[in-house]
Amino acid sequence: MGIVQLDNQTAYRPEALIGADQSGLRYLGWNVPPEELVHIPEHWLQFPEPEASLHYLLGLLYIAFTIFSLVGNGLVIWIFIAAKSLRTPSNVFVINLAICDFFMMAKTPIFIYNSFTKGFTLGNLGCQIFGFVGSLTGIGAGATNALIAYDRYNTITRPFEGRLTQTKAIIFICLIWAYTIPWGVLPLLEIWGRFVPGK
(Lines give C-alpha, C1' and ligand atoms only; values in the text may rest on other atoms or scores of the structure.)
Protein backbone atom coordinates (compact mmCIF):
# COMPACT_ATOMS: atom_id res chain seq x y z
CA MET A 1 0.00 0.00 0.00
CA GLY A 2 1.63 3.20 -1.14
CA ILE A 3 0.98 6.85 -0.45
CA VAL A 4 -0.30 8.78 -3.46
CA GLN A 5 -0.13 12.59 -3.62
CA LEU A 6 -3.15 14.17 -5.31
CA ASP A 7 -3.63 17.95 -5.32
CA ASN A 8 -2.20 18.43 -1.80
CA GLN A 9 -4.29 15.56 -0.45
CA THR A 10 -2.84 12.25 0.55
CA ALA A 11 -4.59 9.00 -0.26
CA TYR A 12 -3.42 5.78 1.34
CA ARG A 13 -4.76 3.45 -1.31
CA PRO A 14 -3.12 2.70 -4.66
CA GLU A 15 -6.49 2.82 -6.43
CA ALA A 16 -6.96 6.48 -5.42
CA LEU A 17 -5.78 7.68 -8.84
CA ILE A 18 -8.64 6.00 -10.70
CA GLY A 19 -10.67 8.70 -12.40
CA ALA A 20 -8.36 11.57 -11.48
CA ASP A 21 -7.16 13.80 -14.30
CA GLN A 22 -3.99 15.91 -14.65
CA SER A 23 -5.43 18.85 -12.68
CA GLY A 24 -6.19 16.70 -9.65
CA LEU A 25 -9.95 16.87 -10.24
CA ARG A 26 -11.52 13.69 -8.92
CA TYR A 27 -14.36 11.90 -10.66
CA LEU A 28 -16.92 9.59 -9.17
CA GLY A 29 -15.31 6.22 -8.56
CA TRP A 30 -11.82 7.59 -7.89
CA ASN A 31 -11.70 5.80 -4.53
CA VAL A 32 -13.34 2.54 -5.62
CA PRO A 33 -11.11 -0.55 -5.68
CA PRO A 34 -10.55 -1.79 -9.26
CA GLU A 35 -12.31 -5.11 -8.60
CA GLU A 36 -15.45 -3.20 -7.55
CA LEU A 37 -15.45 -0.79 -10.53
CA VAL A 38 -17.07 -3.44 -12.73
CA HIS A 39 -20.30 -2.97 -10.76
CA ILE A 40 -20.54 0.77 -11.52
CA PRO A 41 -21.94 1.79 -14.93
CA GLU A 42 -19.34 3.80 -16.88
CA HIS A 43 -21.85 6.63 -17.30
CA TRP A 44 -21.42 7.64 -13.63
CA LEU A 45 -17.63 7.68 -13.80
CA GLN A 46 -17.57 10.76 -16.06
CA PHE A 47 -18.92 13.15 -13.42
CA PRO A 48 -16.76 15.09 -10.94
CA GLU A 49 -16.99 14.04 -7.33
CA PRO A 50 -19.20 16.36 -5.22
CA GLU A 51 -17.59 18.47 -2.52
CA ALA A 52 -16.89 16.59 0.71
CA SER A 53 -19.14 19.03 2.59
CA LEU A 54 -22.13 17.85 0.53
CA HIS A 55 -21.43 14.24 1.48
CA TYR A 56 -21.24 15.23 5.16
CA LEU A 57 -24.41 17.34 4.92
CA LEU A 58 -26.34 14.42 3.42
CA GLY A 59 -24.98 12.12 6.12
CA LEU A 60 -26.11 14.48 8.90
CA LEU A 61 -29.56 15.01 7.34
CA TYR A 62 -30.08 11.28 6.97
CA ILE A 63 -29.06 10.67 10.59
CA ALA A 64 -31.92 12.99 11.64
CA PHE A 65 -34.35 11.44 9.11
CA THR A 66 -33.46 7.94 10.30
CA ILE A 67 -33.93 8.73 14.00
CA PHE A 68 -37.31 10.43 13.45
CA SER A 69 -38.53 7.71 11.08
CA LEU A 70 -37.45 4.75 13.19
CA VAL A 71 -38.91 6.25 16.38
CA GLY A 72 -42.14 7.44 14.72
CA ASN A 73 -42.85 4.30 12.71
CA GLY A 74 -41.68 2.10 15.58
CA LEU A 75 -44.25 3.77 17.85
CA VAL A 76 -47.01 3.24 15.27
CA ILE A 77 -46.12 -0.46 14.99
CA TRP A 78 -45.90 -0.85 18.78
CA ILE A 79 -49.24 0.90 19.41
CA PHE A 80 -50.92 -1.23 16.72
CA ILE A 81 -49.62 -4.42 18.37
CA ALA A 82 -50.49 -3.25 21.91
CA ALA A 83 -54.01 -1.86 21.32
CA LYS A 84 -56.51 -4.41 19.99
CA SER A 85 -59.09 -1.68 19.36
CA LEU A 86 -56.84 -0.20 16.65
CA ARG A 87 -56.68 -3.41 14.61
CA THR A 88 -59.31 -2.31 12.10
CA PRO A 89 -59.17 -3.22 8.39
CA SER A 90 -58.24 0.37 7.47
CA ASN A 91 -55.43 0.40 10.03
CA VAL A 92 -53.98 -2.80 8.53
CA PHE A 93 -52.97 -0.62 5.57
CA VAL A 94 -51.51 2.02 7.88
CA ILE A 95 -49.44 -0.58 9.75
CA ASN A 96 -48.17 -2.03 6.45
CA LEU A 97 -47.09 1.48 5.43
CA ALA A 98 -45.37 1.98 8.81
CA ILE A 99 -43.52 -1.33 8.41
CA CYS A 100 -42.39 -0.34 4.89
CA ASP A 101 -41.20 3.06 6.10
CA PHE A 102 -39.47 1.54 9.15
CA PHE A 103 -37.44 -0.90 7.05
CA MET A 104 -36.77 1.71 4.37
CA MET A 105 -35.01 3.83 6.98
CA ALA A 106 -33.44 0.83 8.72
CA LYS A 107 -31.20 0.40 5.66
CA THR A 108 -30.13 4.05 5.74
CA PRO A 109 -27.00 3.47 7.90
CA ILE A 110 -25.41 2.07 4.72
CA PHE A 111 -26.06 5.41 2.98
CA ILE A 112 -24.87 7.39 6.03
CA TYR A 113 -21.66 5.35 6.27
CA ASN A 114 -21.02 5.88 2.55
CA SER A 115 -21.67 9.61 2.93
CA PHE A 116 -19.03 10.03 5.63
CA THR A 117 -16.50 7.87 3.79
CA LYS A 118 -17.38 9.58 0.47
CA GLY A 119 -18.14 6.59 -1.63
CA PHE A 120 -18.69 2.94 -2.29
CA THR A 121 -17.32 1.79 1.07
CA LEU A 122 -19.40 -1.31 1.66
CA GLY A 123 -18.82 -2.55 -1.87
CA ASN A 124 -21.21 -4.49 -4.04
CA LEU A 125 -22.74 -6.38 -1.09
CA GLY A 126 -23.79 -3.14 0.58
CA CYS A 127 -25.23 -1.93 -2.73
CA GLN A 128 -27.24 -5.15 -3.13
CA ILE A 129 -28.66 -4.94 0.40
CA PHE A 130 -29.50 -1.25 -0.01
CA GLY A 131 -31.12 -1.80 -3.42
CA PHE A 132 -33.08 -4.90 -2.42
CA VAL A 133 -34.53 -3.45 0.78
CA GLY A 134 -35.15 -0.10 -0.94
CA SER A 135 -36.96 -1.78 -3.81
CA LEU A 136 -39.24 -3.82 -1.56
CA THR A 137 -40.06 -1.02 0.85
CA GLY A 138 -40.41 1.70 -1.78
CA ILE A 139 -42.77 -0.23 -4.04
CA GLY A 140 -44.62 -1.66 -1.02
CA ALA A 141 -45.11 1.82 0.46
CA GLY A 142 -46.35 3.23 -2.85
CA ALA A 143 -48.87 0.43 -3.36
CA THR A 144 -50.01 0.72 0.26
CA ASN A 145 -50.58 4.46 -0.16
CA ALA A 146 -52.76 3.69 -3.18
CA LEU A 147 -54.79 1.23 -1.09
CA ILE A 148 -55.19 3.76 1.71
CA ALA A 149 -56.49 6.29 -0.82
CA TYR A 150 -58.87 3.68 -2.30
CA ASP A 151 -60.15 2.74 1.16
CA ARG A 152 -60.76 6.39 2.10
CA TYR A 153 -62.50 7.04 -1.21
CA ASN A 154 -64.83 4.07 -0.63
CA THR A 155 -65.52 5.10 2.95
CA ILE A 156 -66.52 8.62 1.86
CA THR A 157 -68.49 7.79 -1.30
CA ARG A 158 -70.16 4.60 0.01
CA PRO A 159 -70.24 4.95 3.80
CA PHE A 160 -72.46 1.91 4.45
CA GLU A 161 -71.46 -0.64 1.82
CA GLY A 162 -67.88 0.57 1.14
CA ARG A 163 -66.29 -0.78 4.32
CA LEU A 164 -63.55 -3.38 4.04
CA THR A 165 -63.47 -6.55 6.08
CA GLN A 166 -60.33 -7.71 7.90
CA THR A 167 -60.00 -10.64 5.47
CA LYS A 168 -60.16 -8.38 2.39
CA ALA A 169 -57.58 -6.02 3.91
CA ILE A 170 -55.17 -8.90 4.56
CA ILE A 171 -55.74 -10.26 1.03
CA PHE A 172 -54.90 -6.80 -0.38
CA ILE A 173 -51.69 -6.70 1.71
CA CYS A 174 -50.72 -10.18 0.46
CA LEU A 175 -51.33 -9.03 -3.14
CA ILE A 176 -49.12 -5.98 -2.55
CA TRP A 177 -46.24 -8.19 -1.38
CA ALA A 178 -46.81 -10.73 -4.17
CA TYR A 179 -46.46 -7.84 -6.62
CA THR A 180 -43.50 -6.24 -4.82
CA ILE A 181 -41.23 -9.23 -4.14
CA PRO A 182 -40.33 -10.01 -7.79
CA TRP A 183 -39.22 -6.38 -8.29
CA GLY A 184 -36.67 -6.89 -5.51
CA VAL A 185 -35.64 -10.50 -6.13
CA LEU A 186 -35.16 -10.42 -9.93
CA PRO A 187 -32.53 -7.61 -9.91
CA LEU A 188 -30.89 -9.10 -6.80
CA LEU A 189 -30.36 -12.40 -8.64
CA GLU A 190 -29.53 -10.48 -11.86
CA ILE A 191 -32.27 -12.35 -13.72
CA TRP A 192 -33.83 -9.08 -14.87
CA GLY A 193 -31.68 -5.97 -14.40
CA ARG A 194 -29.37 -5.43 -11.46
CA PHE A 195 -28.78 -3.07 -8.55
CA VAL A 196 -25.90 -0.69 -9.18
CA PRO A 197 -24.38 2.07 -7.03
CA GLY A 198 -26.15 5.39 -7.49
CA LYS A 199 -23.81 7.62 -5.53
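Residues numbered from 1 in each chain as written. Predicted model: local features only at pLDDT ≥ 70, side-chain atom pairs only at ≥ 80, totals over all residues. Heavy atoms only, no water.

**Focus on helix 2 (residues 52-82)**
Look at helix 2: 44 Å from first C-alpha to last across 31 residues, which is about the 45 Å you get at 1.5 Å a residue. Within helix 2, burial applies to His55, Gly59, Thr66, Ser69, Asn73, Ile77 and Phe80. Summarising the contacts, the buried residues of helix 2 are in contact with helix 3 (89-106) and helix 4 (108-117). (Helix = DSSP H or I, 4+ residues; strand = E, 2+ residues; numbered from the N terminus. Expected span 1.5 Å × (residues − 1). Buried < 20%, exposed > 50% of the residue type's maximum accessible area, 1.4 Å probe, protein only. Contact = heavy atoms within 4.5 Å.)

**Thoughts on the packing of aromatic side chains**
Under the definition given, this model contains 10 aromatic pairs. Taking 5.5 Å as the distance between ring centres and 85° as the angle between the ring planes, the aromatic pair formed by phenylalanine 102 and phenylalanine 103 counts as edge-to-face. On the basis of relative accessible area, phenylalanine 102 is assigned to the partly exposed category, the value being 25%. Residue class for phenylalanine 103 comes out partly exposed when judged on its relative accessible area of 45%. Judged by centre distance (6.5 Å) and plane angle (25°), the ring pair of phenylalanine 111 and phenylalanine 130 falls under stacked. Here phenylalanine 111, found in helix 4, pairs with phenylalanine 130, found in helix 5 (residues 123-157); they are 19 residues apart in sequence, far enough to count as distant. In this structure phenylalanine 130 comes out as partly exposed when scored by relative accessible area, which is 27%. (Phe/Tyr/Trp six-rings, centres within 6.5 Å; stacked < 30°, edge-to-face > 60°.)

**Some remarks on the UniProt feature "transmembrane region" (unreviewed entry) in the protein chain**
According to UniProt, the "transmembrane region" (unreviewed entry) feature falls on residues 54-81, 93-116, 128-148 and 169-189. The span residues 128-148 shows a helical share of 100% and a strand share of 0%, and its end C-alpha atoms are spaced 30 Å apart. As annotated, residues 169-189 has a helix share of 95% and a strand share of 0%, and its two end C-alpha atoms lie 31 Å apart. (UniProt positions renumbered as here; feature names shortened; annotations may be inferred.)

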